[in-house]
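Take a look at the letters that make up each chain.
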Amino acid sequence: MLQSPPASAQSLPYSMQPPSPQRPVSTYGSLPPGRMGPPMSMQASQLNEPKGGGFVRRFVSPKNVFITTGVILIVMLCVVPVWNAVALMEDANYVFWVGTTVPTWMVCLCAGIVGLYVITIFVFFSTARPQVQTEQTIMMIANIFITLLGLLLMLLSLPLSRQSVDTYNNLMHRCDYSEQTHRMYEYSQVLHNIRSMPECAHKFSVEECSGYEDAPPYTTMLKTMESDFHCAGFCYRKLPSVGMQTSNTTAGVTLAQGLSVSRKRRHEDHVVPLALATAASGQGKLSASDVDVQSAVARPITQYPPTLFSDANYQASCEGMAARDMKNFAGDVGFQTFYQGIYLVLVAIATGFLKLIGFCVRKDQENEFKTPVF
């Protein structure tokens, strides 16, 4: 017969058992007792280094990827407008007539769009809920900035094109009395009067003549146009000579009539067609009428004034060359900027339609793969 163990041998309740000696707990978990600090071989940099590729994850995050990619794309879209703006600011003819306001705005707005994109992405990933941080939202942000850049380029092209057209008309048809060109006309006439003096006519430049004084930016621009455009005279008008026997009143009336006629007359560039004369001379025998035609063709229709800052005596008007430069350079930049803005807006619209089509296709695929319920 089995006997029950003595009371002293029976297990006591848990609450009445004597406490067992506790082992010292290390703050580092896996360290053996008695070592309360990190191993001596472990450096502080190893303790702070994130595990599992945390360094790469920190810098290759979706936010940084979208910021870097978006900045590169926007900068590539802004390369052409900024390039054109810098070219306009370096063109002496454009800067003299209309200044650098529009090109400066073009550069500043392109840089502002890049900065605004970076701020928008930072705010979006920092404050938006994770449920809305999807590819559709990112595409919407991209469409917003592409459309914004396109609209800004279209708006900037309008004053640029208007400046080129107005300056062209003032130079070609109103160069002696328009508000934009009459000061240049006055300085040019004064310098031509000095150049026509007998003691100055045979010198290389009007700068060597007595009475000449630098008056920037007008004298500087006249010298630049002669050297760059190979031209002579700015809105040159040869005043009618008045005899000494006429009275002062008659001379004043004649001068006023001559100025009014010259102002009403539209500007015409006269080019000597030397090719016709060369072709006529190469035919061999010429009749009397052909000789008369050849002599008439070979004679220049308009006598250009002498050049002011050299003795080259170019046969082209400076106002005509400056007007064509404004039309062909600044005008073309304006048209190019306008069409680039239109293309960007069309790209944004096409991207929006493609995203809408993607929503419809995805919905159809979800309905197709649904399992039927019996």
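From a predicted model like this one, the values you see are computed outputs, not experimental measurements. (Residues numbered from 1 in each chain as written. Predicted model: local features only at pLDDT ≥ 70, side-chain atom pairs only at ≥ 80, totals over all residues. Heavy atoms only, no water.)

Further remarks concern the packing of aromatic side chains. Throughout the structure, instances matching the rule amount to 9 aromatic pairs. Judged by centre distance (5.3 Å) and plane angle (85°), the rings of Tyr117 and Phe145 are edge-to-face. Residue Tyr117 is located in helix 5 (residues 101-127), and its partner Phe145 is located in helix 6 (residues 135-173); the two are separated by 28 residues in the primary sequence. Pair check on accessibility: Tyr117 and Phe145 agree, each one buried. With a centroid separation of 5.2 Å and 80° between ring planes, the pair formed by Phe124 and Phe125 is classed as edge-to-face. (Phe/Tyr/Trp six-rings, centres within 6.5 Å; stacked < 30°, edge-to-face > 60°. Helix = DSSP H or I, 4+ residues; strand = E, 2+ residues; numbered from the N terminus. Buried < 20%, exposed > 50% of the residue type's maximum accessible area, 1.4 Å probe, protein only.)

For the coordinates displayed, the defined rule picks out 3 disulfides. Two residues share a disulfide in this structure: Cys200 and Cys209, whose sulfurs sit 1.7 Å from each other. Across the disulfide from Cys200 to Cys209, rotation about the S-S bond amounts to roughly 80°, and the bridge is consequently right-handed. Taking the relative accessible area as the measure of exposure, Cys209 reaches 7% and is therefore buried. Between the sulfur of Cys231 and that of Cys318 lies a disulfide, 2.1 Å long from S to S. As the torsion about the S-S bond is roughly 95°, the Cys231-Cys318 disulfide counts as right-handed. Of this pair, Cys231 sits in the loop between helix 9 (218-229) and helix 10 (248-264) while Cys318 sits in helix 13 (residues 318-368); the two residues are 87 residues apart in sequence, bridging distant segments of the chain. (Disulfide = S-S within 2.5 Å.)

For the rest of this paragraph, the subject is the packing of helix 3 (residues 62-90) against helix 5. The contact between helix 3 and helix 5 brings their axes to 8 Å, and the two run at 175°. Comparing their axes, helix 5 and helix 3 come out roughly antiparallel. A class-by-class count of the residues in the contact of helix 3 with helix 5 yields 23 nonpolar, 2 polar and 1 charged. (Axes fitted to C-alpha atoms, helices over the stretch in contact; angles between N-to-C directions. Parallel < 35°, antiparallel > 145°, perpendicular 65-115°, else oblique. Nonpolar A, V, L, I, M, F, W, Y, C, P; charged D, E, K, R; others polar.)

Moving on, we get to the side chain of Asp91. Position of Asp91 among the secondary structure elements: in the loop between helix 3 and helix 4 (92-98). Salt bridges are absent for the buried Asp91, whose nearest opposite-charge side chain, Arg324, sits at 15 Å. Sequence-distant contacts of Asp91, defined by excluding residues within four places in its chain, comprise Asp325 and Phe329. (Lys, Arg positive; Asp, Glu negative; His and termini not counted. Salt bridge = Lys/Arg side-chain N within 4 Å of Asp/Glu carboxyl O. Contact = heavy atoms within 4.5 Å.)

Turning to the pattern of salt bridges, a few remarks are in order. One pass over the full model with this rule turns up 3 salt bridges. Asp166 serves as the salt-bridge partner of Arg162, at 3.4 Å between the closest nitrogen and oxygen. Linking Arg162 with Asp166, this pair stays in helix 6, spanning 4 residues, or about one helical turn. Arg162 sits in the exposed class, given a relative accessible area of 52%. In this structure, Glu207 and Lys223 form a salt bridge, with 3.4 Å as the shortest nitrogen-oxygen distance. Of this pair, Glu207 sits in the loop between helix 8 (198-201) and helix 9 while Lys223 sits in helix 9, placing them 16 residues apart in sequence. Judged by its relative accessible area of 35%, Glu207 falls in the partly exposed class.

UniProt feature "transmembrane region" (unreviewed entry): in the numbering of this structure it lies at residues 65-84, 104-125, 137-160 and 341-361. Helix makes up 100% of residues 65-84 and strand makes up 0%, while its end C-alpha atoms are separated by 30 Å. Annotation note: span residues 104-125, helix share 100%, strand share 0%, distance between end C-alpha atoms 32 Å. (UniProt positions renumbered as here; feature names shortened; annotations may be inferred.)

Overall, the prediction assigns the protein a mean pLDDT of 76, with 63% of residues at 70 or greater. Predicted confidence in the protein is weakest over helix 11 (residues 274-281), with a mean pLDDT of 42, and strongest over helix 4, with 96. For residues 25-29, every residue scores under 50 in pLDDT, and the model assigns this stretch 8 contacts once sequence neighbours within four places are set aside. Counted against residues more than four places away or in other chains, residues 293-301, with its pLDDT under 50, gives 10 contacts. (pLDDT = per-residue confidence, 0-100.)

In this model, Pro216 is joined to Pro217 through a cis peptide bond whose omega is 5°. By the secondary structure assignment, Pro217 is in the loop between helix 8 and helix 9. Although it is not a glycine, Cys235 adopts a positive phi angle of roughly 55°. Within the secondary structure, Cys235 is located in the loop between helix 9 and helix 10. Look at Cys235 and you get buried, because its relative accessible area is 0%.

Turning to its location among the elements, Gln133 is positioned in the loop between helix 5 and helix 6. The spacing of Gln133 and Pro62 is 71 residues in sequence and 9.8 Å in space, taken between C-alpha atoms. Once residues within four sequence positions are removed from consideration, Gln133 is found in contact with Phe124, Phe125 and Ala128.

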